[in-house]
Structure formats: C-alpha cells, structure tokens
Amino acid sequence: MTTEQPSNKPTIPNFSSGPCAKRPGYDLSSLNQTTLGRSHRSDVGKNALQKVINDTAEILKLPEGYRVGIVPASDTGAMEMIMWSMLGPRAVDICYWESFGQGWFADITKQLKLDNVNEIKADYGQLPDMSLVDPKNDCIFTWNGTTSGVKVENADFISDDREGLTICDATSAVFAMPMPWEKLDVTTFSWQKVLGGEGGHGVIILSPRAVERLESYTPSWPLPKIFRLTAGSKLIEGIFSGATINTPSMLCVADYQDALDWVRSIGGVEACINKSQQNLAVLSEFVENNEWINFLAEKESIRSNTSVCLSVDLSAEQLKQFIKLLASENVAFDIGAYKDAPSGLRIWCGSTVEQADLEALMPWLTWAYKTVTQ
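Rules used throughout
- Residues numbered from 1 in each chain as written.
- Predicted model: local features only at pLDDT ≥ 70, side-chain atom pairs only at ≥ 80, totals over all residues.
- Heavy atoms only, no water.
- Salt bridge = Lys/Arg side-chain N within 4 Å of Asp/Glu carboxyl O.
- Buried < 20%, exposed > 50% of the residue type's maximum accessible area, 1.4 Å probe, protein only.
- Core = buried A, V, L, I, M, F, W, Y, C linked by side-chain atoms within 4.5 Å.
- Helix = DSSP H or I, 4+ residues; strand = E, 2+ residues; numbered from the N terminus.
- Contact = heavy atoms within 4.5 Å.
- Pairing = 2+ DSSP bridges.
- Axes fitted to C-alpha atoms, helices over the stretch in contact; angles between N-to-C directions.
- Expected span 1.5 Å × (residues − 1).
- Polar contact = N/O pair within 3.5 Å; in protein donor to acceptor, adjacent residues only side chain to side chain.

K.L.:
Quick rundown of the pattern of salt bridges? Include the residues and the values.
P.N.:
Side chains carrying opposite charge are able to pair once their charged atoms draw close together. All told, the structure shown has 18 salt bridges when counted by the stated rule. Lys339 is paired through a salt bridge with Asp340; the nearest N and O atoms lie 3.3 Å apart. For Lys339, a relative accessible area of 67% gives the class exposed. With relative accessibility at 44%, the residue Asp340 sits in the partly exposed group. Here the residues in one salt-bridge network are Lys51, Asp55, Glu58 and Arg264, joined through shared partners.

K.L.:
Pulling in residues and values, what's your account of the nonpolar core?
P.N.:
Formed by 88 residues in total, the largest nonpolar core has its most connected members in Phe141, Trp143, Phe175, Phe322 and Leu326. When residues of this core are assigned to their parent elements, the largest contribution, nine residues, is made by helix H8 (residues 355-373). Ignoring any residue separated from it by four or fewer positions in sequence, one finds Phe322 in contact with Trp292, Leu314, Leu345, Leu365, Ala368, Tyr369 and Val372. One finds Met81, Val92, Ile94 and Leu235 within the second-largest nonpolar core, a separate group that totals 36 residues.

K.L.:
Which residues make up the sheet that holds strand E12 (residues 293-295), and what values do they have?
P.N.:
Across a sheet, paired strands are connected by hydrogen bonds in the backbone, their directions being either parallel or antiparallel. Taken together, the three strands give an open sheet; going across it, the order is E12-E13-E14, and neighbouring strands pair in antiparallel fashion. Each edge of the open sheet is held by one strand with a lone partner, namely E12 and strand E14 (345-348). If you compare each strand with its neighbour and ignore which way they point, the axes differ by 35 degrees on average. When strand E13 (residues 307-312) meets E14, the two strands line up antiparallel, connected through four bridges. What sits directly across from Leu310, in E14, is Leu345.

K.L.:
Please provide a residue-by-residue account of helix H3 (residues 99-111), values included.
P.N.:
At 3.6 residues per turn, the α-helix brings residues three or four places apart onto the same side. For H3, built from 13 residues, the straight-helix expectation of 18 Å at 1.5 Å per residue is met to within 8% by its first-to-last C-alpha distance of 17 Å. Of the residues making up H3, those classed as buried are Ser99, Gly101, Trp104, Phe105, Asp107 and Ile108. Its buried side turned inward, H3 meets helix H2 (74-86), strand E2 (92-96), strand E3 (117-121), strand E4 (138-142) and strand E7 (166-169). For H3, the capping residue at the N-terminal end is Glu98, with a side-chain oxygen 3.4 Å from the backbone nitrogen of Phe100. One or two residues past the end of H3 sits Lys113, with phi positive at roughly 60 degrees.

Structure, rendered in structure tokens:
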C-alpha cells in the first residue's frame, strides 16, 4: 500500500545547518559588486570591510570598546587563532557537550599541551554542570552545540568579578539568541551559519579585557603569521578596521553585507531571534503530536532554536532511506545528523528559514516515516 504524498512542498527546501539557507528573497545579482576585481587594500575594498565591521557591532549592540575583526578559515580559524594566541597564563575550564567543543579540548591538551585543564563535559543531549566553572580560570564553551542541538540556558554561571577570560564559540547562536556581551570576553562566529553567508571567513569579537590579555601576554610557543593578533605587544588595529590578515573574498564580504542589510530591514537582531523561536515552535508542536520523533535534548530550556537535533524511531538503514526520500522529492536537503552525533535528524530553524517552509515540511516527515516503516 502506497502512502499518499502531501500536496504542498516547501518553497525553499534548504535546511542545512551550515552553510545555512540564504535570506528570504536572496538574489545573487543584487549584491554590490563594486569591490570585485579590486584590491582589498584599495579604498573601496577597505571601506567595504570597515562597513561590515561597523554594521556588525551596531546591529549586535556591542558594548563600547568591543572590537570586531574578520579572520580566515571560518569559526574554526577564529577559535584556533584565539586559543593559540591567548591561552596559557591561567588554568582553563573547557565545557563541552558535542563534537566541536570536544575538538577544542583536544587541541588544548594534545596540540597546545596545556597541563592545567579542567574538562567539564556532558553527553549529547545534555548540558554539563556549568557551576563548576571557576572564575579564576579562563573558560571556553560553546553557546549553542550545533551538532547536539543543546544550548546554554543563560550566562549566570559566568561571574561578573571573574579574573579569567570567557571564550565563547557562538557560531550558531549569534544573530539567533540573546548574547550577554558583558559576560563574554571573546566571541567567535562565522557568517555562513545564522545569516546564511558564504563560507571561508570567521569573525572575532574582543572585549577590552581580551585586548589587555593579548597586549600583556606572549605565548611560549611559535605563532604562525595567520594566527597573530599583535605586533610589538600591541593589538594589530588593522584587523579591526578592514585590513585583514590575508586576502578575503570580497564577494563573500558583499554577501555578508547583504545579510546584515536584511537583518536591519526586518527589525534587527531581536526580529531574527523571534523568527527563529517561531520556527522552533513549528517543530515543537510536531514532536509533541508524534511519538516516533523526539528532541535529542530532553530538557526544553536547553533546546537549540537554530540547529534542532531530533532522534527518530528508525533503524540506521531506514533513517538513511527516510533522508534520501525527502531529498529526492525536493522537500528537505541536508537534514541528517552530524557524522559524530547520535543517529537522527538536524533541521535548521534560524531566521533565514521561513516558517511556512517548515510548516510545509512537517507532513512530509510523516509521509517519509510511514513510507519506510510500512
């Protein structure tokens, strides 16, 4: 017996958790192309880079004195640059509950070979005891676990009187979740996540305390040029004013500017957050009404509203068929769980995804489940 297909399909079936869906109404030809073929060090190039830096700070409402810089190699490059440049003078608390946070722990202990490292971890779907963070130590954590669908509930575990620095990988949280900037000394993200920009570039946001660390501490290990944020014990100001460490893609920069302009047009970062939360509500209602699918994060308060991870009552082979069916029908692309995560689905619910497309997708999930289990 053949299960009847739904009649309505998502207009945009792109639900990947990175690179993420382009903003609604995106048109490549609408990008400002005046920088293409020009040097990034020309006035037009530097002005374009400075504008995205300024707009990022303005839209995110960063506190006075916080710096924004564009760096190579996406969020991974940004995090590695920070860890290799800043860690060492204090003990490190590393909090993780998914694969990328675990990767930062491995780099700290196996590559940097730091000794005084405290591992605060939890399994996929859980959040560790963040109260174990010592305010005397540097703390590294991921705001939102992209591969686990688990986010921190708030920043209450960070002391206002901390002596160490907080280093936050927020690549799937910035522009989608409220960020308490006064609690964050270093924040990294890549615009290919929440804003659906083109990949290859990372962003670092530094507090004055982070700048002070950079200017007062020199690591004992050699630093590749691509990781260096200081020269002569002074911050390389050019990184934070449009003179990047290496040559950026000016097309990617124009693409990011387009995304920032869109954020401003819909009402700013608060509108993005609300849109993402409304998207999550669509999936929450569906899970509540279908016993064969569940959130990987059992506790509602820690569920991500961007990278929504779901467990499905299917065998590995059935799940593979389920995902392939939806892609073949052009209703959902790239929704399989991350390779190191528990088997299941991962559906992006950031603000560049339209609620109507998620609503159209839900009956197809039921169709695919019935098709592979009948």
